[in-house]
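The chain contents come next:
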Amino acid sequence: MIVVENISKSFASIKALDQVSLQVSQQDIFGLIGPDSAGKTTLMRIICGLMDPDQGQVRLMGQNPDKIDRQNLGYMPQRFSLYGDLTIEENINFFGSLYSLKSSVINQRAEEILDITGLTPFKNRLAGSLSGGMKQKLALTCALITRPALLILDEPTYGVDPQSRKDFWRILYQLNHQGMTILVSTPYMDEAELCTRVAFINQGHILACDTPQNLKSPFSQRVLEVRTVCQDPHFFDDLEEIEGSSFFGYKYRLVVSDGLKGKHAVQSYLNAKELAGSIETVPPGMEDIFVILTGENS
Ligand SMILES: Nc1ncnc2c1ncn2[C@@H]1O[C@H](COP(=O)(O)OP(=O)(O)OP(=O)(O)O)[C@@H](O)[C@H]1O
Ligand SMILES: [Mg+2]
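Scoring rules and cut-offs
Residues numbered from 1 in each chain as written. Chains lettered and ligands numbered in written order. Predicted model: local features only at pLDDT ≥ 70, side-chain atom pairs only at ≥ 80, totals over all residues. Buried ≥ 20, exposed ≤ 12 C-beta atoms within 10 Å, placed from the backbone. Helix = DSSP H or I, 4+ residues; strand = E, 2+ residues; numbered from the N terminus. Pairing = 2+ DSSP bridges. Axes fitted to C-alpha atoms, helices over the stretch in contact; angles between N-to-C directions. Contact = placed C-beta atoms within 7 Å. Left-handed = near helix turned anticlockwise from the far one by under 90°. Nonpolar A, V, L, I, M, F, W, Y, C, P; charged D, E, K, R; others polar. Domains from an automatic or database assignment. Expected span 1.5 Å × (residues − 1). Arc of directions from axis to C-beta. Core = buried A, V, L, I, M, F, W, Y, C linked by C-beta atoms within 7 Å. Near = placed C-beta within 6 Å.

**Some points on the pairing of strand β8 (residues 197-202)**
Then, in step 1: A large share of β8 lies buried, amounting to five of its six residues.
Then, in step 2: Here strand β3 (residues 29-33) runs beside β8; their pairing, made up of four bridges, is parallel. When the bridges of β8 are listed, Phe30 appears paired with Arg197.
Then, in step 3: Strand direction decides the pairing type here: β8 and strand β9 (residues 205-210), joined by five bridges, are antiparallel. Bridged to Ile201 within β9 is Ile206.

And the structure:
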């Protein structure tokens, strides 16, 4: 569905994308996961044909992005870009008319999509007075009005409350089950778990690209959970074996370079500080994998 080959793009001295390649299949909910400034928006704009790369090429449904029928591509940009002084219904009608859809077609599709997104009771509300989550659902509704085969969503759940994020993902699954290919970017590592395939991107580089399960399996022994009475977030900073640590008030989550050596090092460290504690190897999460991969690539 999407083939990206060796894409590079610079803005003056900033290398936003450096030799990026990836493939998205028809059945995917493909996650582009990375922190601020990783290059996610730049890559999505190039995939949509809104920006030219300096190098490399993109094929969308076998064609150049600027050759495809725009009705086959739904794009929801990162920032809410609809009209705050129009109602939900008026925004949808306006958006549909940009594609020269007949009003009877717009009305029928709008009804279906509003039902999926749960916005039907609010369709006469001004877009400007919607909550953040509802604004995002409206932007999604507008991106769906042409019934695209491919939907590209740039950080659709950023800043949205946890319940609305869940709702949003339920909608994405529903659309995917109906046959829609979805490319979605997010800075939230928990959302990476929800994708069929994931590309981690950092500073313009793809660090890894695979299913969440395959990304995690090589690192099954490298995350430790440590419980001790100490409550200093930087307590383990001096230990060489530790690649990353997070503190959760009552426990530490440590990413170590070697499971067994790491465990011994943490035990010796606790002993030296005369602190009792428990150390357990736990399955890695996507956030841990990102920490490991950025460490390996820096
Ligand atoms: N039009 C532009 N002019 C100059 N620099 C740009 C432009 N667009 C992006 N950049 C730079 O390219 C890099 C990648 O930006 P991009 O917006 O693609 O990242 P992102 O992963 O989408 O980040 P965010 O999560 O903050 O949206 C950043 O350093 C950014 O400042
Ligand atoms: Mg962005």
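**As for the sheet that holds strand β1 (residues 2-11)**
Within a sheet, adjacent strands bond to each other through the backbone by hydrogen bonds, running parallel or antiparallel.
Then, in step 1: Pairing in this open sheet of three strands is antiparallel, and the strands run β2-β1-β4 from one edge to the other. Each of the sheet's edge strands pairs with one partner strand only, and the pair in question is β2 (14-24) and β4 (55-60). On average, each strand axis in the sheet is inclined to that of its neighbour by 20 degrees, with strand direction left out of account.
Then, in step 2: Direction of pairing for β1 relative to β4: antiparallel, over a ladder of five bridges. Paired with Ser8 across the two strands is Gln55, which belongs to β4.
Then, in step 3: Running over the sheet, helix α1 (residues 40-48) touches β1, β2 and β4 and is turned about 125 degrees from β1.

**Points about the sheet that holds β3**
Then, in step 1: The strand order β5-β6-β7-β3-β8-β9 describes an open sheet built from six strands, whose pairing is mixed. The open sheet is flanked by β5 (73-76) and β9, the only strands paired with a single partner. Pairs of neighbouring strands in the sheet enclose a mean axial angle of 15 degrees, with direction left out of account.
Then, in step 2: Taken together, the four bridges between β5 and strand β6 (residues 150-154) define a ladder with parallel strand orientation.

**Considerations on the packing of helix α3 (residues 103-117) against helix α4 (residues 132-143)**
When two helices pack together, their arrangement is captured by the angle between the axes and the distance separating the axes.
Then, in step 1: Two elements in contact, α3 and α4, have axes separated by 10 Å at closest approach and are oriented at 145 degrees. Here α3 and α4 pass one another in a crossing that is right-handed. On the side of α3, the interface is formed by Ile113, Leu114 and Thr117, while α4 contributes Lys137, Leu140 and Thr141.
Then, in step 2: A per-class count over the contact of α3 with α4 returns three nonpolar, two polar and one charged.

**Observations regarding the domain arrangement of the chain**
Then, in step 1: Taken domain by domain, the chain holds domain 1 (2-211) and domain 2 (221-282).
Then, in step 2: For domain 1 versus domain 2, the distance between C-alpha centres works out to 39 Å.

**Let's talk about helix α5 (residues 162-177)**
Then, in step 1: For α5, with 16 residues, the first-to-last C-alpha span of 23 Å sits near the 22 Å given by 1.5 Å per residue.
Then, in step 2: Along α5, the positions that sit buried rather than exposed are Arg165, Phe168, Leu172 and Leu175. Taken around the axis of α5, the buried residues stretch over an arc of 85 degrees, which confines them to a single face. Facing away from the buried side of α5 by more than 90 degrees, the exposed set consists of Pro162, Gln163, Arg170, Gln174 and His177.
Then, in step 3: The elements touched by buried residues of α5 are β3, α4, β6 and β7 (181-186).

**Quick word on the nonpolar core**
Then, in step 1: Counting 75 residues, the largest nonpolar core has Ile47, Ile152 and Ile182 as its most contacted members.
Then, in step 2: The element best represented in this core is α4, accounting for six residues.
Then, in step 3: Each of domain 1 (2-211) and domain 2 (221-282) gives at least three residues to this core.
Then, in step 4: Setting aside anything within four residues of it in sequence, one finds Ile152 in contact with Met44, Ile47, Cys48, Leu73, Gly74, Tyr75 and Leu183.

**Quick word on the site of ligand 1**
Then, in step 1: In the region of ligand 1, 13 residues are neighbours, and Phe11, Ala16, Lys40, Thr41 and Thr42 sit closest.
Then, in step 2: Secondary structure elements with two or more residues in the shell around ligand 1: β2 and α1.
Then, in step 3: Ranked by residues supplied to the shell around ligand 1, first place goes to α1 with three residues.
Then, in step 4: The residue makeup of the shell around ligand 1, split by class, is five nonpolar, six polar and two charged.

**Some remarks on helix α8 (residues 259-272)**
Every α-helix winds through 3.6 residues per turn, so residues three or four apart in the chain are directed the same way.
Then, in step 1: Taking 1.5 Å as the rise per residue, α8 with 14 residues should run 20 Å; its terminal C-alpha atoms sit 20 Å apart, in good agreement.
Then, in step 2: Taken together, the buried positions of α8 are occupied by Gly262, Ala265 and Val266. Taken down its axis, α8 places every buried residue within 100 degrees of arc, on the same side. Facing away from the buried side of α8 by over 90 degrees, the exposed positions are Leu260, Lys261, Ser268 and Asn271.
Then, in step 3: Buried positions along α8 lie against β10 (223-228), β12 (252-256) and β13 (277-281).

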